[in-house]
Amino acid sequence: MKFAVIVFPGSNCDEDMYHAVSEVLQEEAEMVWFEEADLDEYDGVLLPGGFSYGDYLRSGAVASVSKVIAQVREFIAAGKPVLGVCNGFQVLLEMGELPGAMLRNRDLKFICREESLTVEQTDTMFTSSYEEKETISLPVAHGEGNYYCDAAVLEKLKENRQIAFTYKNNPNGSTGNIAGITNEAGNVLGMMPHPERAVEELLGNDDGLRIFESILTHWRDVHAVNN
């Protein structure tokens with residue numbers, strides 16, 4: 001499986017994402033500059049965290065209309081997996097590929113620590129390696145991670161089983177304790193916690209690795225590829 005790690009001006013978690021896939025998952029990955037992107041040769045797209053374009057206007061707003069986005073939309077429409085983490089989640093929201101919006105954290109402070117999450121769904125291409133209602137721990141690092149949606153959208157997310165992860169102890173005020181959601185088709189996941197920073201026991205935690213393993217398992221099943 002071959003992943004594209006999209007790099008915007010201001011991305012700062014791209015190297016972590018690349019390491020998680022190429023060194024830990026041991027699958028092919030390339031850093032793809034947003035202006036030079038040709039996504040035809042890739043099987044998965046990773047939108048990393050950081051501060052794309054300095055978070056001007058709103059976090060992810062400028063990146064959401066950059067050159068590569070038309071191809072990302074085509075990639076999504078083709079049913080291929082797209083994972084957006086932190087700023088990547090914000091970009092997906094600004095694109096309209098995921099419902100809702102991101103606000104400043106409830107306490108108006110940047111949060112950088114590990115948080116306990118509940119795995120709400122395991123029937124997605126991103127979460128199949130977890131147990132439903134399993135508690136995992138992932139790092140968060142954001143100032144604008146307060147996910148907001150209105151009551152109607154929240155109800156729809158629940159009905160469609162699009163809520164992938166929730167916070168045990170909501171650190172930022174997110175509606176419904178939401179930490180990560182998928183699109184209705186199930187091939188896009190946006191989440192604020194950083195799975196790419198939790199892929200090795202050497203660093204004290206590998207709970208995030210199973211997201212990448214789930215993507216790989218799904219791809220192998222679809223393409224009938226053996227380990």
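Residues numbered from 1 in each chain as written. Predicted model: local features only at pLDDT ≥ 70, side-chain atom pairs only at ≥ 80, totals over all residues. Heavy atoms only, no water.

## A few points about the nonpolar core
Turning to step 1, where the next piece is worked out: Ile6, Leu39, Val68, Leu83, Tyr147 and Phe165 are the most contacted members of the largest nonpolar core, which totals 68 residues.
Turning to step 2, where the next piece is worked out: For this core, the leading source of residues is helix α5 (residues 209–223), giving six residues.
Turning to step 3, where the next piece is worked out: In this view, Ile6 contacts Ser11, Val32, Phe34, Leu39, Val45, Leu46, Leu47, Pro48 and Val68; residues no more than four positions away in its chain are not counted. (Core = buried A, V, L, I, M, F, W, Y, C linked by side-chain atoms within 4.5 Å. Buried < 20%, exposed > 50% of the residue type's maximum accessible area, 1.4 Å probe, protein only. Helix = DSSP H or I, 4+ residues; strand = E, 2+ residues; numbered from the N terminus. Contact = heavy atoms within 4.5 Å.)

## Topic: the side chain of Gln90
Turning to step 1, where the next piece is worked out: On the secondary structure map, Gln90 appears in helix α3 (residues 87–95).
Turning to step 2, where the next piece is worked out: According to the relative accessible area criterion, Gln90 is buried, its value standing at 5%.
Turning to step 3, where the next piece is worked out: Here Gln90 is in contact with Ser59, Gly60, Met102, Glu144 and Met192, once residues within four sequence places are set aside.

## Some words on the UniProt feature "active site" (unreviewed entry) in the protein
Turning to step 1, where the next piece is worked out: The UniProt feature table records "active site" (unreviewed entry) at Cys86, His194 and Glu196. These annotated residues cover 111 residues of sequence, and their C-alpha atoms lie no more than 10.9 Å from one another, placing them together at a single site.
Turning to step 2, where the next piece is worked out: With respect to the helices and strands, Cys86 occurs in the loop between β4 (82–85) and α3.
Turning to step 3, where the next piece is worked out: According to the relative accessible area criterion, Cys86 is buried, its value standing at 5%.
Turning to step 4, where the next piece is worked out: As for its placement among the helices and strands, His194 is situated in the loop between β11 (188–191) and α5.
Turning to step 5, where the next piece is worked out: When sequence neighbours within four positions are dropped, the list of residues in contact with His194 reads Cys13, Gly49, Val85, Cys86, Leu138, Pro139, Val140 and Ala141. (UniProt positions renumbered as here; feature names shortened; annotations may be inferred.)

## Structural notes on helix α1 (residues 14–25)
Turning to step 1, where the next piece is worked out: Compared with the 16 Å implied by 1.5 Å per residue over twelve residues, the 15 Å span of α1 between its first and last C-alpha is a close match.
Turning to step 2, where the next piece is worked out: All of the buried residues along α1 are Asp14, Met17, Ala20, Val21, Ser22 and Leu25. All buried residues of α1 fall inside an arc of 160° around its axis, so they share one side. Along α1, the residues that are exposed and aim more than 90 degrees away from the buried face are Glu15 and Glu23.
Turning to step 3, where the next piece is worked out: Taken together, the buried residues of α1 touch β1 (2–7), β2 (28–33), β3 (44–47), β4 and α5. (Expected span 1.5 Å × (residues − 1). Arc of directions from axis to C-beta.)

## Quick look at the pattern of salt bridges
Turning to step 1, where the next piece is worked out: Enumeration over the complete set of coordinates arrives at 13 salt bridges.
Turning to step 2, where the next piece is worked out: A salt bridge links Lys133 to Glu120; its shortest N-O distance comes to 2.4 Å. Here the residue Lys133 occupies a position in the loop between β6 (111–119) and β7 (135–142), and Glu120 occupies one in the loop between β6 and β7, the gap between them amounting to 13 residues.
Turning to step 3, where the next piece is worked out: Among the ionic pairs, Asp207 bridges to Arg210, the shortest N-O distance being 4.0 Å. Arg210 carries the same exposure label as Asp207, and that label is buried.
Turning to step 4, where the next piece is worked out: Residues joined in a network through salt bridges with shared partners are Lys2, Glu28, Glu30 and Glu41. (Salt bridge = Lys/Arg side-chain N within 4 Å of Asp/Glu carboxyl O.)

## What to know about the sheet that holds β6
Backbone-to-backbone hydrogen bonds pair the strands of a sheet. The strands run either parallel or antiparallel.
Turning to step 1, where the next piece is worked out: Spatial strand order, β2-β1-β3-β4-β11-β10-β9-β6-β7: nine strands in an open sheet with mixed pairing. At either margin of the open sheet sits one strand with a lone partner, and together these are β2 and β7. Each adjacent strand pair in this sheet contributes to an overall mean axis angle of 20°, direction not counted.
Turning to step 2, where the next piece is worked out: Bridge analysis of β6 against strand β9 (residues 163–167) gives three bridges, and the strand direction is antiparallel. Residue pairing across strands places Leu117 opposite Tyr167, the latter belonging to β9.
Turning to step 3, where the next piece is worked out: With respect to the sheet, α3 is in contact with β3, β4, β10 (178–182) and β11, its orientation differing from that of β4 by roughly 115°.
Turning to step 4, where the next piece is worked out: This element, α5, spans β1, β4, β7, β9 and β11 of the sheet and lies at about 165° to β4. (Pairing = 2+ DSSP bridges. Axes fitted to C-alpha atoms, helices over the stretch in contact; angles between N-to-C directions.)

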